[in-house]
Protein chains: 2
Amino acid sequence: MIKAKVAELLNSTQYLQEVQVKGWVRAFRSNRFIALNDGSTINNIQCVVDYKNMSEDLLKRITVGAAIKVKGTLHESQGSGQKVEIQVTSVDILGDADPEEVKLTILSPKKHSLEKLREQAHLRVRTNTFGAVMRLRSKLSFAVHSYFQNNNFHYVNTPIITGSDAEGAGEMFKVTSFDLKDIPKNEDGSINYKEDFFGKETNLTVSGQLEAETYALGLGQVYTFGPTFRAENSNTSRHLAEFWMVEPEMAFCDLDKNMDIAEDFIKYVLKYILDNCQDDLAFLEQRLANEDKAKPEAERSPMALTEKLRFVIENNFKRVSYTEAIEILKNSKPNKKKKFKYIIEEWGADLQSEHERYLVEKHFKCPVILFDYPANIKAFYMRLNEDGKTVRAMDILFPGIGEIVGGSQREERLDVLKEKMAALGIDEKELWWYLDTRKFGTCVHSGFGLGFERLVQFATGMGNIRDVIPFPRTPLNAEF
Amino acid sequence: MIKAKVAELLNSTQYLQEVQVKGWVRAFRSNRFIALNDGSTINNIQCVVDYKNMSEDLLKRITVGAAIKVKGTLHESQGSGQKVEIQVTSVDILGDADPEEVKLTILSPKKHSLEKLREQAHLRVRTNTFGAVMRLRSKLSFAVHSYFQNNNFHYVNTPIITGSDAEGAGEMFKVTSFDLKDIPKNEDGSINYKEDFFGKETNLTVSGQLEAETYALGLGQVYTFGPTFRAENSNTSRHLAEFWMVEPEMAFCDLDKNMDIAEDFIKYVLKYILDNCQDDLAFLEQRLANEDKAKPEAERSPMALTEKLRFVIENNFKRVSYTEAIEILKNSKPNKKKKFKYIIEEWGADLQSEHERYLVEKHFKCPVILFDYPANIKAFYMRLNEDGKTVRAMDILFPGIGEIVGGSQREERLDVLKEKMAALGIDEKELWWYLDTRKFGTCVHSGFGLGFERLVQFATGMGNIRDVIPFPRTPLNAEF
C-alpha cells in the first residue's frame, strides 16, 4: 500500500494500486463522493464511498472540515474534471468537525467575503483562494532566494531591532523592555534609556539597506529578505505595518546595471511561478475573471492573470527619466482637463499614485522604470548627478500595483554625503559606521528594495495586500 | 576583455586572456604583489604590478582597504598557493583608504580579537574569518529553504509583532508607537492600550509555532524561517536577544517521524555546505586548528571541523528517552563524585547544560535525541503520553553546542489541551484561534524549532554566537 499526498495521487497512473491518504473533507455529496484535500495542491481527490457497507454513524461524521484517513484503490475516474479517484475500502475519522460549529466559521461551504475571511485568518488557508495564494507566496519566496543564490549574491540578515533612527524611510515602532507603567526617568524628566534592555532607544527597522551596504562593500553582492515595519496610520489596501522586503545591494554597480538586475530579477521570479504553480495560477486566474464579471467593463483587467505575467516577462520595462515623465504628464489629458487631484505644473513635483498609474496603465501600458528624480524629493543616500539637482534614483511601477521597487545608486563620495546629511540635520555620530564605508575603499554601488507583498499581489491578482500575508498587521489589528 | 569576479578568475585556465577585476586591496607586498579580494571567495587573486612603469603617487595609493580596478592578463602563477595571477597593465584607484585612519580600525593588517571585531561589525565582514562565516551562513540559509521546498513544505511568514502573549517560550520585548514620555492612561491608572497603534498590547514574537500549526492544519507541511526575540538578560556566548529560527510543522506526523525529519534535515544542510563551501570550510577548519593549539590538550576538539560535519552526516543520531538518560546520569562518574553542579537524584529533574554535554560528549559521543520528557518541565502544547506523566517532546543535543533543536508532537485533543491550559492559568480567550484548530478536523501533528545561529556555530566552529550573525543584539548592545 502506498501512503501518499493528494498531489502525488492526482498525478499517478498506477491504477488498482492500494493507497492511503489523509486530509480534510472539503465536500461530501450524495453520501458517496468525498472531495478530500491535504494542502499539497489546490485540487481535491475524489474518494468514492460505498455507503451501503458503511455504518450510518461513520457516514454522519464525514463532514466538511473533518480530518479523515481514507484507504482504497486508485481508479481511472469516470467523472469529468479529474483523472483519478479512490474507490474507498475504509474511512477513519481522525478529527471531527461539528457541522453546527462549522456553520459559524468560514469553513462552512458558502461564499464568504474577503473581510470575513480576514477575521478568521487562522482558518482561511483552508479555502481554495488562500491555499492557492499561500502556496504561491511560498514558491515566490524560494524563487527570490534562488535568483540571488544562482547569481552569487550572499544572503544577509540585517538587524530587525535597530539602534539607528536615521533610516529615514518612515515612522518607526519603538521596542522596549520597560514596564510601561513605570518608566525610569532622569533627573531632568527625560527617559533614562540606559536602563532599557539595550541601554539606548531602539526601534523596529524600516529597511536593512544601510547595513546591507556595509556588507556589499565586503562581500560584493548581497541581499536581504526579511520583515520591515512602518508605524504609519495608512488604512489602505496597499499598506501593512509589517511586511517583507527584498533588498539587494551590489558593489561596483551603477544605476543602469541596477535597473538591469531589478528587471531581470522580477522576470525570473514571475517565470518561476508560471513554470511551478500552474494549478494554483489557473484557479486564481479564474477567480479574478469571476470577480471582474461583477465590475463595470471599464474597471476590468485588460488581460487574464497569466497573460499579464507573460506580458511582463516578455517585454522590456520602459525606462523613462523623471524629466521626460513630467513632460508627458503636463501634456496629458487628465492634467489639462484638471482630472488629476494634484495637477502637474512644473518640474520638481512629487509624483502621486494617480500620475504613476496614468504613465503605466494609460500612456506606456507596460511596467515603467522612472529614474533621475529631483534630489529634494528623495533620500539623503542617493547619488547626486552632475547637474546638481537630480539623483540616481529609480522606481519600478507596475500596472494595478504602483511602485513595486524603489532603488538608487548610492552616494559613494564622503564629502557629498556629509553635506547632504548636514543639510537634512542627520547627526554624523548616528551614522559613523555608515560613513566609514565611504572612508575605507568606497566605490560605486547600488541597490533596490522590493515590497514582497506587492509582488505577491501582482502574481496572484489579489486586490488587497492583507490577503497575501498570513496574519496581516494594520492599524488597530494585531489579532493572532 | 573579460570583466570577472575573483572567484571566476581563480578557476579560469584562459591564460593570456585580458581581464578586468574590481575589489579591495588585502595586502600589497614589495611594491609588486597586490592581494585583491572582492568577496566572491575567501581567496585573493594575486595581481603583479610592474612598479617601474607606475607613478609613485599611484603606488602610494595602493593601500590595504582601498578599492581598485585592475586590468591585465591572466597568467599561470609561478608562486605557490595559487594557480593563476594577473600581470597588471593598469590600476585605477576607485576609493582610497588612508593608512593612518586604517590603523585605527580592524582593517589594519594584524591580528585583532573577536571582541574588537564585534565593535566594528560593519567592517569585520572584510576579514577572512567573517567573510567565510557570512558566506557560509548564506549558503546554509539556502540549504534550509532547499530542503523544505524539495520536500513539498510551504514557507510561511508568521507574524513578528504578536498580539498573543501566550507563546510561553520566554520574556518578550514590547512593541509600541506610544510616546514613552506621555503614555495614555485609563481612569483607573492602567495603560490605555486602545490608543496604541494596534489597539492592544503587542510584543515581538518568541516563536511562530502556534501560527504555523494553524497553517500546517490546512497546507499539510509548512516551515517558518524568520527572526525571533527574547528579552532575557543572558550575557552568554550562546544567547542572542534577536536570532533566526527555523520552525517546520507537519500534519499527520507523530514524534517518531518528527525525529526522522529533523535528523534528515540537519544532515541535508550540513552535506550541502560540505559540497558547496569547500574553500570557506578549509579556512575555518585551519582557523579552528590554530585556535586549538593555544588551548590545553583536554579542551581541544577531538575532530577537525569537516571531520565533525562528516561524522554527523554519516552516523545515526542516538535516540534516548528521558527516563533512560536519567538512569545513565544517575550512575555517571561526575554524578557519583558530585562533580555536577546540579546532582541528578531522581526522575523529574530538569536537565542542565552540564548533563546534556555529558551525555553527548562523554557518554554517547554523537548527536543525541532525548525524547519523552516529564510533562511538568515542558510547554503546555506538547502531547501527553498514555502514562499521564510524560509528553512527546524531543530535544536534539549537539557536541559543543548543546540543544540545537527542540520539538514535540502537539496535543491534538481539545479536552486535554484545555485542561493543561487551565492548570497553567492560560486564558482560553487569548488562544481562541489556536483551540479552533482542535475543534475543526484536528489531527496528530508535530514540529520542531531549530536555532539557526547555533547551526551556523556548529558548521563554522565559531565559539561565540555573536560571531555568526552580522549585527548581534545582546543586553546593552544594539549598535548599528
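These figures come from a predicted structure and were not determined experimentally.

A. Structural detail: the relation of the copies chain B and chain A. Once chain B is rotated about the relating axis by 180° and shifted along it by 0.0 Å, it coincides with chain A to within an RMSD of 0.0 Å. In short, the pair behaves as if placed about a two-fold rotation axis. Relative to the rotation axis, the C-alpha of B:Val175 is the closest in chain B, positioned 2.5 Å from it. With an isologous cut-off of 70% or more, the 100% of interface residues of chain B that recur at the interface of chain A puts this contact in the isologous class.

B. Fine view of the packing of aromatic side chains. Enumeration according to the criterion identifies 59 aromatic pairs over all chains in this entry. Their ring planes at 85° and their centres at 6.1 Å tell us that A:Phe225 and A:Trp244 sit as a pair that is edge-to-face. Within this pair, whereas A:Phe225 is found in strand β11 (residues 221–229), its partner A:Trp244 is found in strand β12 (residues 242–251), the two being separated by 19 residues in sequence. Across the pair, exposure class does not vary: A:Phe225 and A:Trp244 are buried alike. When the centroid spacing of 5.7 Å and the interplanar angle of 45° are considered together, the rings of A:Phe480 and B:Trp432 count as tilted.

C. Examining the sheet that holds strand β10 (residues 202–204) of chain B more closely. Across the sheet, which stays open at both edges, the 6 strands sit in the order β8(A)-β10(A)-β9(A)-β9(B)-β10(B)-β8(B) with antiparallel pairing between neighbours. Since the sheet does not close on itself, it has two edges, and those belong to β8 (161–162) of chain A together with β8 (161–162) of chain B, each with one partner. Inspection of the sheet shows β8(A) paired to strand β10 (residues 202–204) of chain A by 2 bridges, in the antiparallel sense. Within β10(A), the position partnered with A:Thr162 by the bridge is A:Asn203.

D. Quick look at the domain arrangement of chain A. Residue and element names in this part refer to chain A. Split into domains, chain A comes out as domain 1 (2–105) and domain 2 (128–171 + 206–467). Computed over C-alpha atoms, the centres of domain 1 and domain 2 are 44 Å apart. Taken together, the contact pairs 6 residues of domain 1 with 6 residues of domain 2. Buried surface at the junction of domain 1 and domain 2, summed over both partners, amounts to about 450 Å²; 45% is from carbon and sulfur atoms. Summed over the shared surface of domain 1 and domain 2, the number is 0 salt bridges. Counting across the interface, domain 1 meets domain 2 through 3 residue pairs in polar contact (both at pLDDT 80 or more). Across the side of domain 1 that touches domain 2, the residue classes break down as 1 nonpolar, 4 polar and 1 charged.

About the thresholds
- Residue numbering note: each chain is counted from 1, following its sequence as written.
- Labels follow written order: the first chain is A, the first ligand is 1, and so on.
- The predicted nature of this model means local features are confined to residues of pLDDT at least 70 and side-chain atom pairs, given and counted, to a pLDDT of 80 or more, with totals for whole chains, interfaces and linings taken over all residues.
- Where side-chain values are given, they derive from all heavy atoms of the structure, hydrogens and water being excluded.
- Copies are brought into register by a least-squares superposition over C-alpha atoms of residues with pLDDT of at least 70 in both.
- Contact definition: two residues touch when any of their heavy atoms are within 4.5 Å.
- Working definition: a ring pair exists when centres of Phe, Tyr or Trp rings (six-membered ring for Trp) sit within 6.5 Å. Plane angles under 30 degrees give stacked, over 60 give edge-to-face, the rest tilted.
- Numbering goes from the N terminus for both helices and strands, where a helix is a DSSP run of H or I of at least four residues and a strand is a run of E of at least two.
- Exposure is judged per residue with a 1.4 Å probe applied to protein chains only, and the accessible area is read against the type maximum: over 50% gives exposed, under 20% gives buried, and values in between give partly exposed.
- The criterion for strand pairing is that DSSP finds at least two bridges linking the strands in question.
- For each domain, the first and last residues come from an automatic or database assignment.
- Two parts placed together each lose some accessible area under a 1.4 Å probe, and the buried area is that loss summed for both.
- Any carboxyl oxygen of Asp or Glu within 4 Å of a side-chain nitrogen of Lys or Arg constitutes a salt bridge here.
- Polar contact criterion, stated in full: a pair of N or O atoms within 3.5 Å, where within protein one must be able to donate a hydrogen and the other to accept it, and residues adjacent in sequence count only if both atoms are side-chain atoms.
- For this classification, Asp, Glu, Lys and Arg are treated as charged, while Ala, Val, Leu, Ile, Met, Phe, Trp, Tyr, Cys and Pro are nonpolar and the rest, including Gly, are polar.

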